[in-house]
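Here are the chains, one letter per residue:
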Amino acid sequence: MPQEVAPAGHSSADDVVDAAVVGGGPAGLSAALCLARYNRDVLVFDTGHGRSTHHQVNHNYLGFPGGIATTDLRKLGVEQLGAYRNARVVRHQITAVEGDAERGFTLRSQGHAWQARTVLLATGVLDHFPHFPNWQEYVGRSMFWCIACDGYENRGRNIVVAGHTDAAAAEAMQLHSLTDRVRLLTNSRSDEIGPVLRRRLSAAGIPVVHDRIKETEGVDGRLTALRTRGGLRLELDALFSVQGATPETALARGLGVALQPSGYIRVDSEQRTSVAGVYAAGDATALHSHQVAAAVHEGAQAASAANSFLYPAELKA
């Protein structure tokens, strides 16, 4: 595994690395691997949280017949990165990044600071899952957020969609193409589904239940029923949460990085942000296409752009 302390040749945390990658998911690990192969000194900050630490099996990443657990993919990425002595992984949460491309960047956590010539943000999103006792055990096993990732495996099954907006209604309609057993539970005090989608739900025979989850039934991460505050018992095989997600952009905002109107980090086709020397990749950069394949591609693209930025002028076309 990559070193979690400074290896030989790195005297202290005050050393300047070529690139600091914040986030140890598929985007961050892909970026770090590419940077290491460009022979750049790279430091990865991984708190061990994020979507790729849940229990889901990824079936749409090329090269893994039968799928691969995202936790295993993450472990393989760390193991692969371990072959490069110029790459390090540290288990610190970065709370602030300051500086610029001319002076260099300083990354801070509680009681620690690191220096880097470039910064790559792969900070992901915070999903708003329904909360009930031990809800984390169900994520990726019978509670999902992505029809592209997990819809196919739930063909013909009994599905409840949790959400109170048109986005939830649209996903319920999309899931109806995979199974005729779909219900929508608002799981909110408000019901913001508009009349157009409400008519479509009705025409498709998808009931809308305006109620909230009180407790659940299930074992080993497999939901079997939801009990609502209104006294209903809804049997199910899978729960699709469409309650939104918040991009983790605090570090980007602290650097003055421009955001999209949706709140996600604005990047160009090479994953460059509006701040020179700062790049972003993965789920924090787009409202849609939250896929492992997209994250790995964006991480590699950001790494290539950062590597090019680090070359002296005489080596650039």
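Since we're looking at a predicted model, the values are computed, not measured.

What follows covers the sheet that holds strand 11 (residues 159–162). In space, the five strands of this open sheet follow the order 10-17-11-12-13, with parallel pairing throughout. With one partner strand each, in any of the chains shown, strand 10 (143–144) and strand 13 (208–209) form the two edges of the open sheet. Here strand 11 runs beside strand 17 (residues 238–241); their pairing, made up of four bridges, is parallel. Residue pairing for strand 17: Val-161 is matched across the bridge by Phe-240.

As a further point, take the UniProt feature "domain: FAD/NAD(P)-binding" (unreviewed entry) in the chain. Summarizing the sequence annotation, UniProt attributes the feature "domain: FAD/NAD(P)-binding" (unreviewed entry) to residues 18–299 in the numbering used throughout. For residues 18–299, helix accounts for 22% and strand for 28%, while the C-alpha atoms at its two ends are 16 Å apart.

Inspection of every chain in the model, using the stated rule, returns six aromatic pairs. Aromatic pair Phe-129 and Trp-135: ring centres 5.8 Å apart, planes at 40 degrees, arrangement tilted. What links up through ring pairs into an aromatic cluster is the set Phe-129, Trp-135 and Trp-145. Sitting over the face of the ring of Tyr-311, Arg-40 holds its NZ or CZ atom 5.0 Å from the ring centroid. Positioned over the ring face of Tyr-152 is Arg-155, at 3.7 Å from the centre of the ring.

Basis of the calculations
- Residues numbered from 1 in each chain as written.
- Predicted model: local features only at pLDDT ≥ 70, side-chain atom pairs only at ≥ 80, totals over all residues.
- Heavy atoms only, no water.
- Pairing = 2+ DSSP bridges.
- Helix = DSSP H or I, 4+ residues; strand = E, 2+ residues; numbered from the N terminus.
- UniProt positions renumbered as here; feature names shortened; annotations may be inferred.
- Phe/Tyr/Trp six-rings, centres within 6.5 Å; stacked < 30°, edge-to-face > 60°.
- Lys NZ or Arg CZ within 6 Å of the ring centre and 35° of its normal.

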